[in-house]
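# Fold and contact review
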Amino acid sequence: MSSPFHVSSPVHGTGRPKSQFTYRQLSLLTSYSASSPLRVIAHIDLDAFYAQCEMVRLGIAEDQPLAVQQWQGLIAVNYPARAFGIGRHCTVTDAKKLCPELIAQHVATWKEGDERWAYHKDAASHIRTHKVSLDPYRLESRKILALIKESLPSDLQKVEKASVDEVFVDLSAQVHSILLQRFPELANPPPYDDPTEKLPVPPVTALDWQADALVDLEDAELETDDPDWDDVAILIGSEIVRDVRAQIRRTLGYTCSAGVAGNKMISKLGSAYKKPNQQTVIRNRAVQYFLSDMKFTKIRNLGGKLGDQVVSTFHTETIKDLLLVPVEQMKLKLGDDTGVWLYNTIRGIDSSEVNSRTQIKSMLSAKSFRPSINNREQGVKWLRIFAADIFSRLVEEGVLENKRRPKTIGLHHRTAGQTRSRQSSIPQGKMLEEATLFELAKALFSQIIQEGQVWPCDNLSLSVGGFEDGVTGNRGIGAFLIKGDEARESKTVSREGSVGPSTPAHERPEKRRKVDSSGIQRFFSKASGGDSNRGVDDDVAEADTAKHQIETREESPNRTGEEPTPITNYTKVCRRCDARLEDAEALQSHLDWHLAKDLQDEERGSRIFANDRSTGSRSQKTAAAASSSSSKKSTRGSTSSNHKLEHGQSKLKFG
């Protein structure tokens, strides 16, 4: 393989030319610092992912038109089918008129009474008894993410799953390592040991971008200028991404497009610039030209209400025109934070970091009924499917190995535009089973039915949340009943099985006072009544008509961490504290917090109750040797001084 660098003779001595970048900025690459102008971020986006999954599964030729069908609509269309003018807004009938050879593959479904999803040939005509399953695509997505991580050095990678079919990768640390290998002079200490000293210029005069789609510079004559270290870093990043994409193609059979740039926003725009199966590189000095002819509504967070507001306020849709607006005018019209964010964004400035978290926070399984269901038996059948659906995903999360498990379960019921929700905790301390989820769901369903006016039911959804890591190294009660060598051996194995030091006291689960359901449930009837969860996505939203909403349920409400707070569109309100949330899942997560807080407050109140009784007993003993009047004063003084009441508590009166 030929070198991508054309080397010139480096200039030695004190008169050697200097780069615009410093030794400190180079070293910042190792810590993935967003402030380094040399950072390299890639966005890898699978091409028509759901359609590709079906093509790979069925062994269909790449030039065969195919669309993924859900009921009578399309949720994904491959590129050969798009050439016939077929889009996701077409019906199956209209699509086949445009392309009679089109393969319309229906998504997998859960069939009423079955214990697992499957591909059913007649699913499209059984919307009443089938529920969409996206598990096949989630499974393939996990394979791709795992392969991407395997393709990168384990100690030099930072990967963020942005959705089911897209990934951000911060390549900065790996690029830094390769830079030191190819240019050993960069490993030398800076002159005078001053990290603010400028780096020497790269000993190269031209860079070979191979088959990449390289975004041009605004002034073509600038291409004759020698590259600086940011250009070299981007080139190395593009080589890494090209190899990753090739590995995905060879191993799993999927094509993907990619964008390579200096931040997340530009790399994401780059991956969509040339599709399918292409790679776009946006050098730092090409960013402004890349954005100039683009509509700002293509940028994340500017395609919705905020984008409409900007268009109506400044009477333009193009970045080129918006660049003429002073920052003070943007702050005046949009507010300080949003105005500054917009001013920087249209100039390609983005300091958001790649977040390597991949663990999900909640899961949801839902079904919209057309026609509506009208009795408990019908609802229970669907609850069984929801429980099986969620449990199958929990197994993938490691619930059987006690790696992770949810703490709460919630049921949402919608009728005549009104949503009722009920929530409860999932029993801890024993293996979580599908039957447990089903029984809990039925109990919540019964609570909702008891309120009356629940039929006909238009939508049901079951969710779990509050995930926590499992505890390892615990011994069952049988280990305490054995004797002699067997007991010592068991104790040794238990110690060896533990990871790290013993759990700190504040993290240990504590005993909880048993309460009947009527007590704690009163906290949730207020929070979840009315329309608090209106808009829970149904089967249509479960599929890729809104693929990012689907993954939001499984991961964080904030997938990329790019959204600035001032421009969030709040649609949900907590009835307990008036907090405003972005969507139904954010509200559910917020209610999980209330649940945990209530349990914590209840435990704290129980402990104080016990302490008060103990204090009262000691006071009575003291009173035996003193007058009755001084005894009462002593008791009151002791209680008030030692037990300050917390917010929400009240004094307990004893007879």
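### Structural notes on the nonpolar core
Side chains of nonpolar character tend, in soluble globular proteins, to be buried together. By size, the foremost hydrophobic cluster in this structure holds 59 residues, and its most contacted members are Y50, V68, I148, L171, L179 and W229. Per element, the largest residue contribution to this core is 10 residues, and it comes from helix α7 (residues 229-252). Residues A108, I385, A388 and C457 belong to the second largest nonpolar core, which totals 35 residues.

### A short note on α7
Over its 24 residues, α7 extends 35 Å from the first C-alpha to the last, a length consistent with the 34 Å expected when each residue adds 1.5 Å. Among the 24 residues that make up α7, 17 are buried, leaving the element largely enclosed by the rest of the structure. Within two residues after α7, G253 carries a phi angle of roughly 85 degrees, on the positive side.

### Quick look at the confidence of the model for the chain
Across the chain, the average pLDDT comes to 79, with 71% of residues at or above 70. When the criterion is pLDDT under 50, residues 7-14 qualifies, and its contacts beyond four places in sequence or with other chains add up to 9 contacts. A low-confidence stretch, residues 490-570 stays under pLDDT 50, and its non-local contacts, those more than four residues away or across chains, total 176 contacts.

### Focus on the pairing of strand β3 (residues 41-46)
For β3, the tally of buried residues reaches 6 of 6 residues, placing the bulk of the element in the interior. On β3, burial covers both faces: I41, H43 and D45 on one face and A42, I44 and L46 on the other are all buried. Taken together, the 6 bridges between β3 and strand β14 (residues 256-261) define a ladder with antiparallel strand orientation. Note that in β14 the partner of H43 across the bridge is G259.

### A few points about the sheet that holds strand β19 (residues 418-425)
One open sheet accounts for 4 strands, arranged β16-β20-β18-β19; its pairing is antiparallel. If you trace the sheet from one side to the other, it starts and ends with β16 (362-373) and β19, each paired once. Mean inter-strand twist for the sheet, computed between neighbouring axes without regard to direction, equals 15 degrees. With 8 bridges connecting them, β16 and strand β20 (residues 457-465) associate as antiparallel partners. Note on β20: the bridge partner recorded for I373 is C457.

### Some remarks on the environment of S292
Along the chain, the position of S292 falls in helix α9 (residues 287-292). A residue is classified by how much of its surface remains accessible, and S292, at 13% relative accessible area, is buried. Through-space distance from the C-alpha of S292 to that of I319 is 5.7 Å; in sequence the pair is 27 residues apart. With near-sequence residues (within four places) excluded, S292 lies in contact with I319 and K320. Engagement of the side chain of S292 in a polar contact is seen with the backbone oxygen of Y289, the distance being 2.8 Å.

### Overview of the environment of S133
Relative to the helices and strands, S133 is located in the loop between β8 (130-132) and α5 (135-151). With 17 residues separating them in the primary sequence, S133 and R116 have C-alpha atoms 9.6 Å apart. Setting aside residues up to four positions removed in sequence, S133 forms contacts with A108, T109, W110 and W117.

### Focus: unusual backbone geometry
Residue P276 is bonded to the preceding K275 through a cis peptide linkage, with omega at -5 degrees. Inspection of the secondary structure puts P276 in the loop between α8 (264-271) and β15 (279-281). Residues R370 and P371 are joined by a peptide bond in cis, for which omega reads 5 degrees. For P371, the position within the fold is in strand β16. Unusually for a residue other than glycine, Y32 sits at a positive phi of about 55 degrees.

### Description of a negative patch on the surface
A cluster of acidic side chains, namely E218, D219, D225 and D226, defines a negative patch on the protein surface. Following the sequence through the fold, E218 ends up in the loop between β13 (213-214) and α7.

### Side note on helix α13 (residues 336-345)
Regarding α13, the residues found buried are T338, G339, W341, L342 and T345. Down the axis of α13, the buried set is contained in an arc of 165 degrees. They therefore lie on one face. Structurally, α13 contributes buried residues whose contacts are with α8, α9, α10 (305-314), α11 (319-322) and α12 (327-334).

### Overview of the sheet that holds strand β9 (residues 159-163)
Paired through their backbone hydrogen bonds, the strands of a sheet run either parallel or antiparallel. Reading across from one edge, β9-β10-β3-β14-β15-β13 is the order of the 6 strands in this open sheet, with mixed pairing throughout. The open sheet has two free edges, formed respectively by β9 and β13, since each of these has just one partner strand. In this sheet, strand β10 (residues 166-170) lies alongside β3 in antiparallel orientation, the contact comprising 5 bridges. Pairing of I44 across the sheet is with V167, part of β10. Against the sheet, α7 engages β3, β14 and β15, with an angle of about 165 degrees to β14.

Rules used in this analysis
- Residues numbered from 1 in each chain as written.
- Predicted model: local features only at pLDDT ≥ 70, side-chain atom pairs only at ≥ 80, totals over all residues.
- Heavy atoms only, no water.
- Core = buried A, V, L, I, M, F, W, Y, C linked by side-chain atoms within 4.5 Å.
- Buried < 20%, exposed > 50% of the residue type's maximum accessible area, 1.4 Å probe, protein only.
- Helix = DSSP H or I, 4+ residues; strand = E, 2+ residues; numbered from the N terminus.
- Expected span 1.5 Å × (residues − 1).
- pLDDT = per-residue confidence, 0-100.
- Contact = heavy atoms within 4.5 Å.
- Pairing = 2+ DSSP bridges.
- Axes fitted to C-alpha atoms, helices over the stretch in contact; angles between N-to-C directions.
- Polar contact = N/O pair within 3.5 Å; in protein donor to acceptor, adjacent residues only side chain to side chain.
- Patch = residues over 30% accessible without salt bridge, like charges linked within 9 Å, V, L, I, M, F, W, Y side chains within 5 Å.
- Areas by Shrake-Rupley, 256 points an atom, 1.4 Å probe, with all protein chains shown as cover.
- Salt bridge = Lys/Arg side-chain N within 4 Å of Asp/Glu carboxyl O.
- Lys, Arg positive; Asp, Glu negative; His and termini not counted.
- Charge placed at Lys NZ, Arg CZ, Asp CG, Glu CD.
- Arc of directions from axis to C-beta.

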